[in-house]
Amino acid sequence: MMQTEPEDLAALPLTQLRACPHCDALYRLPTVRPRERAVCQRCGLVLMAPRARAFTRIVALSACALILLAVALFTPFLDLSAAGLHSDASIWDAAMAFSDGIMVPLSIAVAAFIIVIPALRLALIVYTVFPLIGGGAPAPHAARAFRIADDLRPWSMAEIFVIGVAVALVKIAGMASVTPGIAFWTFGVLVIVLIWQESFVDREQIWSALDAARPDRGQAPA
Ligand SMILES: [Zn+2]
């Protein structure tokens, strides 16, 4: 990434400047083509890494993940058999298993972390990015929607749920016969799709596209 002298940077409008989120080094916004990367000279953080047709892929993979999440929600997740007893549970059942008495907050938290927040993030990303495909104008309040999606990222825990289930399965396997259901495999694919989708999300590229269509460009992204 090109670093200009501080006196040059001071004369530039804010939309032309980008600070490294890790070390605050200030740069003039470079032109980075697909397959190129802009790296912070001071700390080495990747600042920009646009990918070709990223917006189309983000929308397609987000929509795919939303469908997988919906399927995983209401199909059997695990099927347990022990001593002649038989039980199956969906992810929804798992979240609602604590919906009695003092455990209600836990039930709400489980539902939020593994269902509501991942679904909300995906919907907000589709809302933000879909109108930008082909250089279109952003949807109303797209900048706010994208910021909320970004803020929710640490709270979207579908992947962690899968790891938790894997650990629990190892423990249960000795006591009962466990058969993974449709939702188990759907959720596994969902985690891969989420990681794949995330690899196309270049915040800089999305903010630039949102900025480019703003009537009051020349100010910092709001
Ligand atoms: Zn840096």
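Calculation notes
Residues numbered from 1 in each chain as written. Predicted model: local features only at pLDDT ≥ 70, side-chain atom pairs only at ≥ 80, totals over all residues. Heavy atoms only, no water. Helix = DSSP H or I, 4+ residues; strand = E, 2+ residues; numbered from the N terminus. Expected span 1.5 Å × (residues − 1). Bend = angle between axes of the 7 residues up to and from the residue. Buried < 20%, exposed > 50% of the residue type's maximum accessible area, 1.4 Å probe, protein only. Contact = heavy atoms within 4.5 Å. Donors = N, O, S within 2.8 Å, 3.2 Å for Na, K, Ca; no water. Tetrahedral: all angles 85-135°; square planar, octahedral: opposite > 155°, others 65-115°. Axes fitted to C-alpha atoms, helices over the stretch in contact; angles between N-to-C directions. Parallel < 35°, antiparallel > 145°, perpendicular 65-115°, else oblique. Left-handed = near helix turned anticlockwise from the far one by under 90°. Core = buried A, V, L, I, M, F, W, Y, C linked by side-chain atoms within 4.5 Å. Pairing = 2+ DSSP bridges.

Caption draft 1: Main features of helix α4 (residues 104-129). Spanning 26 residues, α4 covers 35 Å between terminal C-alpha atoms, matching the ideal 38 Å at 1.5 Å per step. Taken as a whole, α4 carries its principal kink of about 50 degrees at A112. Among all positions in α4, only S107, A111, I114, I115, I117, P118, R121, L122, L124, I125, T128 and V129 are buried. Looking at the buried positions of α4, the neighbouring elements they touch are α2 (54-74), α3 (91-96), α5 (142-151), α6 (158-173), α7 (182-200) and α8 (203-212).

Caption draft 2: Representation of the coordination of the zinc ion in the model. In this structure, C20 (SG), C23 (SG), C40 (SG) and C43 (SG) serve as the protein donors to the zinc ion, at separations of 2.2 to 2.3 Å. Each of the four donor atoms bound to the zinc ion contributes to angles spanning 104 to 116 degrees, and the resulting shape is tetrahedral. We note that the donor set of the zinc ion lies within a single chain, spaced as C-x2-C-x16-C-x2-C. Of this pair, C20 sits in the loop between β1 (17-19) and β2 (26-28) while C43 is found in the loop between β3 (38-39) and β4 (46-48), placing the two residues 23 residues apart along the sequence.

Caption draft 3: Region of interest: the packing of α4 against α7. In the contact formed by α4 and α7, the axes pass within 13 Å of each other and the chain directions differ by 40 degrees. With respect to α7, the element α4 is oriented oblique. In terms of crossing hand, the pair formed by α4 and α7 is left-handed. When α4 is examined against α7, the residues I114, R121, L122 and I125 are found in contact with a partner set consisting of F187, L194, Q197 and E198.

Caption draft 4: Geometry of the nonpolar core. By size, the foremost hydrophobic cluster in this structure holds 38 residues, and its most contacted members are I58, F77, I91, F187 and I206. At ten residues, the largest contribution of residues to this core is made by α2. In this structure, C23, V32, A38 and L47 belong to the second largest nonpolar core, which totals nine residues.

Caption draft 5: Spotlight on the sheet that holds strand β6 (residues 85-89). What the three strands build is an open sheet, ordered β6-β5-β7; its pairing is antiparallel. Since the sheet does not close on itself, it has two edges, and those belong to β6 and β7 (177-180), each with one partner. When strand polarity is set aside, the average angle formed by the axes of neighbouring strands in this sheet is 15 degrees. Judged from the five bridges that link them, strand β5 (residues 78-82) and β6 form a sheet pairing that is antiparallel. Counted as the bridge partner of D79 is D88 from β6.

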